[in-house]
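Here are the chains, one letter per residue:
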Amino acid sequence: MKNYKNRSAAGLLTDFLASVSAGDPKKTASHFDPEGYLEAPYVESLGLPSRIDGRGPVEATILNIFKIATRFRFSNIKIVLESPTEVVAEYESEALLRSGRIYKQLHMCHLTARDGQILSQREFLNTLLFADAFFPNHLFSY
């Protein structure tokens, strides 16, 4: 059996994203400390709270997201900064909405962990990468 208490923050982030992609809200919530929270301001556009505290509410929120989207995929996961208890990462997500539309986002995430569980995960859109995607010839400077 794996020793989850020794999981790095980057490993927890990878597991978290994989559980969302697998459509497993219970497993997604299990990565969180009972007092941990997920903060994702962009989910307000889906009519859901932007800060979700505790495992039960995280699981319920993920279930609600799956009522809107049938499939998620995360790609180009790049670790920007890492310590055993914290990670900052960039990645892309692609969701297939029930309407048939594909919804893509570029994210940055700051995750903190302790004893192999997520204490906090803050996600936000990476607007600089988003701008780069629209200005591939580097016409946009920052």
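Report on the accompanying structure. (Residues numbered from 1 in each chain as written. Predicted model: local features only at pLDDT ≥ 70, side-chain atom pairs only at ≥ 80, totals over all residues. Heavy atoms only, no water.)

Turning our attention to the nonpolar core. Judged by nonpolar contacts, the single largest core of 30 residues is most densely connected at Leu 13, Phe 16, Val 58, Phe 72, Tyr 91 and Leu 111. For this core, the elements supplying multiple residues, two or more each, are helix 1 (9-21), strand 1 (32-39), helix 3 (55-68), strand 3 (69-82), strand 4 (86-97) and strand 5 (102-114). For this core, the leading source of residues is helix 1, giving 7 residues. Excluding anything up to four places from it in sequence, Tyr 91 contacts Leu 13, Leu 17, Phe 74, Ser 75, Asn 76, Ile 77, Gln 105, Leu 106, His 107, Cys 109, Gln 121 and Glu 123. (Core = buried A, V, L, I, M, F, W, Y, C linked by side-chain atoms within 4.5 Å. Buried < 20%, exposed > 50% of the residue type's maximum accessible area, 1.4 Å probe, protein only. Helix = DSSP H or I, 4+ residues; strand = E, 2+ residues; numbered from the N terminus. Contact = heavy atoms within 4.5 Å.)

Per the stated rule, a full pass over the model turns up 6 salt bridges. Between Arg 51 and Glu 39 there is a salt bridge whose closest N-O contact spans 3.7 Å. Highlighted residues: Arg 51 in strand 2 (residues 51-53) and Glu 39 in strand 1, separated in sequence by 12 residues. The exposure class assigned to Glu 39 is partly exposed, which follows from its relative accessible area of 23%. Note that Glu 94 and Arg 73 form a salt bridge whose closest N and O atoms lie 3.5 Å from each other. Of the two residues, Glu 94 is situated in strand 4 and Arg 73 in strand 3; the sequence distance between them amounts to 21 residues. Taking the relative accessible area as the measure of exposure, Glu 94 reaches 18% and is therefore buried. Residues joined in a network through salt bridges with shared partners are Glu 39, Arg 51 and Asp 53. (Salt bridge = Lys/Arg side-chain N within 4 Å of Asp/Glu carboxyl O.)

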